[in-house]
Amino acid sequence: MSDLWGLGDEGFGDVQRPTPIGPRGDTIPEHLLAGMNPPQREAVEHRGPALLIVAGAGSGKTRVLTHRIAGLLATREAWPSQILAITFTNKAAGEMRERVEHLVGEESRGMWISTFHSACVRILRREAEAFGFKQTFTIYDSGDVRALIKRLIKERGADIQGLTPGGVSARISKAKNELHDVDSWARTANLENPLDAAFLELWRDYESQKQRANAFDFDDLISQTVFLLRAFPQVAAQYRKRFRHILVDEYQDTNAAQYALIRELTRPVTRGELPDLRGDLEGASLTVVGDSDQSIYAFRGADIRNITEFERDFPGARVILLEQNYRSTQTILSAANAVIGNNFDRREKRLWTDSGDGDRIVGFTGYSGHDEAQFVADEIVELTSGGMAYSDVAVFYRTNAQTRALEEVLIRSAIPYRVIGGTKFYERAEIKDAMAYLITVANPDDSLSLRRIMNVPRRGIGPATEAALQAFADEQGVSLRDAMRRVGEIALGPKVATAITDLAALLDEWTAKPEADPGEVLRELMSRSGYTDQLRRSPDPQDAARLENVEELVAVAREHRRQNPSANLIDFLTETALVAAADELDDSGGQVSLMTLHTAKGLEFDAVFITGIEEELLPHRIAAMEPGGPAEERRLFYVGITRARKRLHLSLAMTRAQFGEVNPSAPSRFLEEIPAELIDWRTPPTAVRSSPQRALGSRWSDAPREQFVTGYRDPKPLPAGRPKGTFANTVTEVRDNSSMELAPGDRIRHKDFGEGRVEAVSGAGAKRIAEVRFDAAGRKRLLIKIAPIEKL
DNA sequence: ACCGAAGCACTTTTT
DNA sequence: GTGCTTCGGT
């Protein structure tokens, strides 16, 4: 650290600065460095063209980032407006802004701190007119994209086999994340393949529809910004000149498009590209923070090489490692280190703490997902009665479907909880309807939203009428909305024509007032369109809840306006389109948080439950077959483990219900990667086998599904030298009792509940259920197929 | 045009 | 088990 400021040879000295900076001698105020360990300190102080901070979980990277920004401001090396910080969620952006403001005060206003998507929308709105879009463009979420593609497939007829909306949208998304557009993709594609050719046509259709609707999809936001910067050098130069310090969090999860965006923004500006530029301007200084062990978004195109090859990409880059953990106990870190150590091809990094071992990890194996959920609930009661707040507890799972059992049991146990993400508020039908009204008002060209509300509530405009309107629009070369306004020129019944005219008039009235209060607009639209009336009059009790949801949305819009008095309808729509799951978290809630392992990234809790640690689920069956899949699933588990501050609970179930079918499940291979002495198993996982004699002393490692089909299979020997779980001496049988005939009155013996008498049998096939009154354990409902019972 | 009943396909993770 | 689509009746 001889050149502490990096100003010497790194070339800052000769460069023209567009705004004044303080005297070089300004030092970072001591309060910004107090209490930091040496690498943290260096990460705050280092100056140079590029800096990679390899930040292990819980190593204080947010603190380092905020203090680094505060340092830049405090020393007058940068104005707030010269800073662009990219975070993973809006919530993280808000927190970072708050913390920087806390450190350096009001003067920090004017920084851009946002997600990739929000930053790009901001750029695109400013520049929209330059490349054929209107400023009022709207944003399609994945549901909108699928709906549009679905319609396009349908319109093209049945000649395209094997093209599903989901498949097509995933493919388009993947291509865009790799920075392809339709034409560049077409050049590399093999169009001999009829499926690819059909896909290409569909994609072209999709793009032209989207353009006509004045809309972007999520992936466009990034890739179109890159194309914009590349196509308009003078536009790019403005942003390059403006942003002198770019900081990117969670860099391991950036994809090719996001990488390209960063590259574009950090290019130097040469004289002549901007009129008022006196000399060449070197590229912005880039700081990235990340941890390749926490890269979990490869499915979204994230490329781990962005971080592993950072030094090669950005010559002159400095790399700083943060390994000291300030979050978790050593027990939790040892488990995390042991698990992630099984990923080969990684840069060795070991988290450590000086804050002690803490409690052992608690393990539990339930009979079913419900049983497992009951364990979670019981433990939460235990923890909170010991003084822990509900909001300090989180429950993680691999798939959203796993919430059902958890929610049922938590409700029954009167534990307040909140599901983060999952079936989001904004995905509910009534909310999408309400939003579609707003979108149609804000962006009259968006025919997708217009179609959605055309006959909602019912006003007699059916498919036939809609087709007639569309035909007229195509014929006249106008929008669907224009066709509605000119309904008099179309031969339609008087009743239908009136309905269309009324709707068009209502929408136009508000389109003319784009600056009106969004909450007010929504309330008016909902009431005057008859939407609220329809729900109020409905006999369906669910409609009462839907009405409440719409009212809730009005309240959300009002609150947004209260917090941003100048925010118009488009601002509100943009914000709601870009909410991330983790943004829903508020710490004030006093509720247990339920979320997927993906959503958990970047968060931390005193007590963490990771559920469903089973083969097929974690690693997930689909991911396990993809190249790099198992390693990424392991990282996901690692992310989950490292969220815990004090207490970690790992649980699994011996059977798991899916599709309403119950199947046996095997403990995850990841469990035995944790040294046995770290886990206190309340009930250990057990060998799953079909022939009782073989299993004693066996391990349940490496237990893929065929084991259940074909019988017991000898596991591979474990690699020596690493302590492994040894739970195999306790063996439970999960057997297939499909053929067992039970009738009321039969006596049975259950492995744990003892003897009992069958009272009733219901259901059919794999779902046959016996109600049994056990002599000691009381009444239970057992799934005959998998219950550990025998007939007496 | 609208409603209810029956049949089916589906679930990995997300901005 | 759910949610969506299809079909047949009003």
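Residues numbered from 1 in each chain as written. Chains lettered and ligands numbered in written order. Predicted model: local features only at pLDDT ≥ 70, side-chain atom pairs only at ≥ 80, totals over all residues. Heavy atoms only, no water.

Per an unreviewed UniProt entry, the recorded name for chain A is DNA 3'-5' helicase, and the organism is Agrococcus terreus. The heading Sequence similarities (unreviewed entry) in the UniProt record of chain A holds the text "Belongs to the helicase family. UvrD subfamily." (UniProt positions renumbered as here; feature names shortened; annotations may be inferred.)

Draft legend 1. Region of interest: the overall build of chain A. When you go through chain A residue by residue, the secondary structure sums to 29 helices and 22 strands. Residue burial in chain A is summarised as follows: out of 792 residues, 53% are buried. (Helix = DSSP H or I, 4+ residues; strand = E, 2+ residues; numbered from the N terminus. Buried < 20%, exposed > 50% of the residue type's maximum accessible area, 1.4 Å probe, protein only.)

Draft legend 2. Representation of helix H14 (residues 330–340) within the structure. Across the eleven residues of H14, ten count as buried, placing the element largely inside the fold. Burial in H14 covers these residues: Gln330, Thr331, Ile332, Leu333, Ala335, Ala336, Asn337, Ala338, Val339 and Ile340. Tucked inside the fold, the buried residues of H14 contact strand S9 (361–366), helix H28 (629–641) and strand S14 (644–653). (Contact = heavy atoms within 4.5 Å.)

Draft legend 3. Expanded view of the sheet that holds strand S1 (residues 50–55). Here we have six strands laid out as an open sheet, ordered S3-S2-S6-S7-S1-S8, and parallel in their pairing. The open sheet has two edge strands, strand S3 (112–115) and strand S8 (318–322), and neither has a second partner. The sheet shows a mean angle of 15° between the axes of neighbouring strands, direction not considered. For strand S6 (residues 245–248) and strand S7 (residues 285–290), the ladder comprises four bridges, and the chain directions are parallel. Looking across to S7, one finds that Leu247 is bridged to Thr287. Packing of helix H1 (residues 38–45) onto the sheet brings it into contact with S1 and S8, and relative to S8 it is tilted by some 145°. (Pairing = 2+ DSSP bridges. Axes fitted to C-alpha atoms, helices over the stretch in contact; angles between N-to-C directions.)

Draft legend 4. Seen up close, the nonpolar core. In this structure, Leu438 and Leu525 are the most contacted members of the largest nonpolar core, which totals 48 residues. Not counting chain neighbours up to four residues away, the residues in contact with Leu525 comprise Tyr437, Leu438, Val441, Leu506, Leu507 and Trp510. In terms of nonpolar packing, the next biggest core, distinct from the first, is built from 45 residues, Leu179, Tyr239, Ala260 and Ala284 among them. (Core = buried A, V, L, I, M, F, W, Y, C linked by side-chain atoms within 4.5 Å.)

Draft legend 5. Seen up close, the sheet that holds strand S12 (residues 592–596). An order of S11-S12-S10-S13-S14-S9-S17 is seen for the seven strands of this open sheet, with the pairing classed as parallel. Of all the strands in the sheet, the pair left with one neighbour each is strand S11 (417–419) and strand S17 (679–681). The sheet shows a mean angle of 25° between the axes of neighbouring strands, taken without regard to direction. Relative to S14, S9 runs parallel, the two being bridged by five bridges. Looking at S14, one finds that Val362 is bridged to His649. Of the strands in this sheet, S9, strand S10 (393–397), S12, strand S13 (605–610) and S14 are in contact with helix H15 (residues 369–385), which crosses S14 at around 155°.

Draft legend 6. Representation of the protein's contact with DNA strand B within the structure. Taken together, 27 residues lie near DNA strand B, and Arg398, Arg458, Ala581, Ile622 and Glu626 sit nearest. A share of 60% is what sugar and phosphate atoms reach among the atoms of DNA strand B within 4 Å of the protein. A distance of 3.0 Å is found between a phosphate oxygen of DNA strand B and a backbone nitrogen or oxygen belonging to Asn400. If you list the elements that add at least two residues to the surface near DNA strand B, you get helix H19 (463–476) and helix H26 (597–600). Grouping the constituent residues of the surface near DNA strand B by class yields ten nonpolar, twelve polar and five charged. (Near = heavy atom within 4 Å. Polar contact = N/O pair within 3.5 Å; in protein donor to acceptor, adjacent residues only side chain to side chain. Nonpolar A, V, L, I, M, F, W, Y, C, P; charged D, E, K, R; others polar.)

Draft legend 7. Inspection of the environment of Asn214 at higher detail. Here Asn214 is to be found in the loop between helix H8 (194–212) and strand S5 (215–217). Considered as a pair, Asn214 and Gly460 are 246 residues apart in the sequence and their alpha carbons are 28 Å apart. If we ignore the near neighbours within four places in the chain, the residues touching Asn214 are Phe133, Lys134, Thr136, Phe137, Thr138, Asn443 and Asp445.

Draft legend 8. Inspection of the packing of helix H17 (residues 429–442) against helix H25 (residues 569–577) at higher detail. Orientation of H17 relative to H25, taken along the N-to-C sense of each, is 135°, at an axis distance of 10 Å. When the axis of H17 is compared with that of H25, the two are oblique. In the crossing of H17 with H25, the sense of the turn from one axis to the other is left-handed. Contact residues: H17 offers Met435, Leu438, Ile439, Val441 and Ala442, while H25 offers Leu569, Ile570, Phe572, Leu573 and Thr576. Per-class residue counts for the contact of H17 with H25 are nine nonpolar, one polar and no charged. (Parallel < 35°, antiparallel > 145°, perpendicular 65-115°, else oblique. Left-handed = near helix turned anticlockwise from the far one by under 90°.)

Draft legend 9. Representation of the UniProt feature "binding site: ATP" (unreviewed entry) in chain A in the model. The sites that UniProt annotates as "binding site: ATP" (unreviewed entry) are Ala55, Gly56, Ala57, Gly58, Ser59, Gly60, Lys61 and Thr62. Note that Gly56 resides in the loop between S1 and helix H2 (61–74). Every residue in contact with Gly56, bar those within four places of it in the chain, is listed here: Asp291, Gln294, Leu322, Lys349 and Leu351.

Draft legend 10. Just helix H24 (residues 541–563), in detail. Between its terminal C-alpha atoms H24 stretches 34 Å, which fits the 33 Å expected from 23 residues at 1.5 Å a residue. Of the residues making up H24, those classed as buried are Asp543, Leu547, Asn549, Val550, Leu553, Val554, Ala557 and His560. Elements in contact with the buried residues of H24: H17, helix H22 (518–528), helix H23 (531–537) and H25. (Expected span 1.5 Å × (residues − 1).)

Draft legend 11. Quick peek at the environment of Pro315. Structurally, the position occupied by Pro315 is in the loop between helix H13 (310–313) and S8. The class of Pro315 is exposed, set by a relative accessible area of 63%. Residues Pro315 and Ile570 lie 255 residues apart in sequence; the distance between their C-alpha atoms is 41 Å.

Draft legend 12. Representation of unusual backbone geometry within the structure. In this chain, Val456 is followed by Pro457 through a cis amide linkage whose omega measures 0°. Structurally, Pro457 is set in the loop between helix H18 (447–454) and H19. Of the consecutive residues Leu618 and Pro619, the connecting peptide bond is found in the cis state with omega at 5°. Among the structural elements, Pro619 can be located in the loop between S13 and helix H27 (621–625). At Leu179, a position not held by glycine, the phi torsion is positive, near 70°. Its place among the elements puts Leu179 in the loop between helix H6 (165–177) and helix H7 (182–188).

Draft legend 13. Summary view of the pattern of salt bridges. Applying the stated criterion to the full structure yields 64 salt bridges. Of the charged contacts, one joins Asp474 and Arg212 as a salt bridge, the two residues approaching to 3.7 Å between their closest N and O atoms. Taken together, the residues Asp474 in helix H19 and Arg212 in helix H8 connect sequence positions 262 residues apart. Since its relative accessible area comes to 53%, Arg212 is described here as exposed. Between Lys349 and Asp293 there is a salt bridge, with the nearest N and O atoms lying 3.0 Å from each other. Placement of Lys349 in the loop between H14 and S9 and of Asp293 in the loop between S7 and helix H12 (305–308) is noted, with a sequence separation of 56 residues between them. For the pair shown, Lys349 and Asp293 are each scored as buried. (Salt bridge = Lys/Arg side-chain N within 4 Å of Asp/Glu carboxyl O.)

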